[in-house]
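Structural description and commentary
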Amino acid sequence: MKAVRFHEYGGIDVLRVEEVERPVPGPGQVLVEVRAAGIQPGEVMIRKGARHERWPATFPSGQGSDLAGVVVEAGPQARGVAVGDEVLGFTHNRASHAEFVVVDDVNLTPRPEGLSWDVAGSLYVAGTTAYATVFAVDPGPADTVVVSGAAGGVGSLAVQLARRRGATVIGLASEPNHAWLKDRGVVPVEYGEGVAERIRQASGGNVDAFIDTFGDGYVDLAVELGVRPERIDTIRDWRTAAKVGARTYGEGAAACAVVLGELARLAARGELEVPIARVYPLERVRDAFRDLERGHTHGKIVLRP
């Protein structure tokens, strides 16, 4: 089968699509023929070696955790899933950017009718991370919550999930994304110099919670705005979070098929929009990551094997 590999830390040029041996599912596992797999900013950091202390790579390394596809083989004692099932899920083995991937049965959930392959294959990391961030700050109908990176892969879902709880949501994003945010009941605010004052104006001077999906000083900004540390959550700035006592709930805090299944059903019913920015064939994985690393992408970038 074809699979993405890199043999050393580095830039986009270390990514290759190679012929590798097709894996065989073990006990409690199935083999999934991948139809779509999302790509993540975290994979960039791992490939560059910037997360070596936290998530070291062994070479040659594959990549990818999100996936959706069709079960083509079941290992011994595999439960709840059978050959021919259409599924979405995840692997922690950096292996989904490939034509086939072995997945533990507990990490899969059925693909609901009406959910596109592209959305199904890119929902896990962004979706469960957004779910965890909203859970961490616990917004309610009386609250105003600010979300940084509000048009990105995680932020675009976090603003919708926070709105589902009845909160007033202020989304920090560039002007071209403001119409999309307004259409989903979010108050858009331009990021950059002067953002604190613009947030105060938009919120009437009262911000109850802050979800930071971007890093770059937003935890400090939340403190400046008077948000209590226990109602600040960041998925990027762990150092400042530790300093001020903010939370760092991310994908790992909600990494299960139960949460993924709930999000998939919401998306299939049209109650949660998962924006798809662009789709690339597996062979163009370098182009996909070039696109991702430019930043300012609205929604998910997806690989199709």
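Only a predicted model underlies this, so the values are computations on that prediction, with no experimental measurement involved.

Along the backbone of the chain there are 10 helices and 14 strands. By the compact-globule yardstick of 19 Å for 305 residues, the chain fits well, its C-alpha radius of gyration being 19 Å. With respect to the principal axes defined by its C-alpha atoms, the chain has extents near 60 × 40 × 35 Å. Sequence separation of 24 or more characterises 66% of the internal contacts of the chain that already satisfy a separation of 6 or more. When the accessible surface of the chain is summed, it comes to about 13300 Å², and 47% of that surface belongs to carbon and sulfur atoms. Positive and negative side-chain charges of the chain, numbering 34 and 40 respectively, have mean locations separated by a distance of 1 Å.

This part covers the pairing of strand S8 (residues 144–148). Most of S8 is tucked away, with five of its five residues classed as buried. With burial as the criterion, each face of S8 is covered, one bearing Thr144, Val146 and Ser148 and the other bearing Val145 and Val147. In this sheet, strand S9 (residues 168–172) lies alongside S8 in parallel orientation, the contact comprising four bridges. Looking at S9, one finds that valine 147 is bridged to glycine 171. Pairing of S8 with strand S11 (residues 209–212), which is carried by four bridges, proceeds in the parallel orientation. Residue pairing in the sheet places valine 147 in a bridge with isoleucine 211 of S11.

On to the domain arrangement of the chain. A common way to express how large an interface is: the accessible area buried when the components associate. Structurally, the chain comprises domain 1 (2–122 + 274–303) and domain 2 (127–251). Relative placement of domain 1 and domain 2: their C-alpha centres are 28 Å apart. Counting residues at the interface gives 11 residues for domain 1 and 10 residues for domain 2. Together domain 1 and domain 2 conceal approximately 830 Å² of surface at their shared face, both sides included; 56% is due to carbon and sulfur atoms.

Scanning the entire structure with this criterion turns up seven aromatic pairs. Here the aromatic rings of phenylalanine 90 and tyrosine 124 are separated by 4.1 Å at their centres, their planes lie at 10 degrees, and the arrangement is stacked. Residue phenylalanine 90 is located in strand S5 (residues 86–90), and its partner tyrosine 124 is located in helix H3 (residues 124–137); the two are separated by 34 residues in the primary sequence. The two residues phenylalanine 90 and tyrosine 124 agree in class, both being buried.

For the rest of this paragraph, the subject is the side chain of asparagine 177. Note on placement: asparagine 177 falls in the loop between S9 and helix H5 (178–183). Classification of asparagine 177 as buried rests on a relative accessible area of 13%. When residues no more than four places from it in sequence are discounted, the contact partners of asparagine 177 are Ala151 and His298.

The rules behind the values
Residues numbered from 1 in each chain as written. Predicted model: local features only at pLDDT ≥ 70, side-chain atom pairs only at ≥ 80, totals over all residues. Heavy atoms only, no water. Helix = DSSP H or I, 4+ residues; strand = E, 2+ residues; numbered from the N terminus. Rg over C-alpha atoms; globule rule 2.2 N^0.38 Å. Contact = heavy atoms within 4.5 Å. Areas by Shrake-Rupley, 256 points an atom, 1.4 Å probe, with all protein chains shown as cover. Lys, Arg positive; Asp, Glu negative; His and termini not counted. Charge placed at Lys NZ, Arg CZ, Asp CG, Glu CD. Buried < 20%, exposed > 50% of the residue type's maximum accessible area, 1.4 Å probe, protein only. Pairing = 2+ DSSP bridges. Domains from an automatic or database assignment. Buried area = accessible area lost by both parts, 1.4 Å probe. Phe/Tyr/Trp six-rings, centres within 6.5 Å; stacked < 30°, edge-to-face > 60°.

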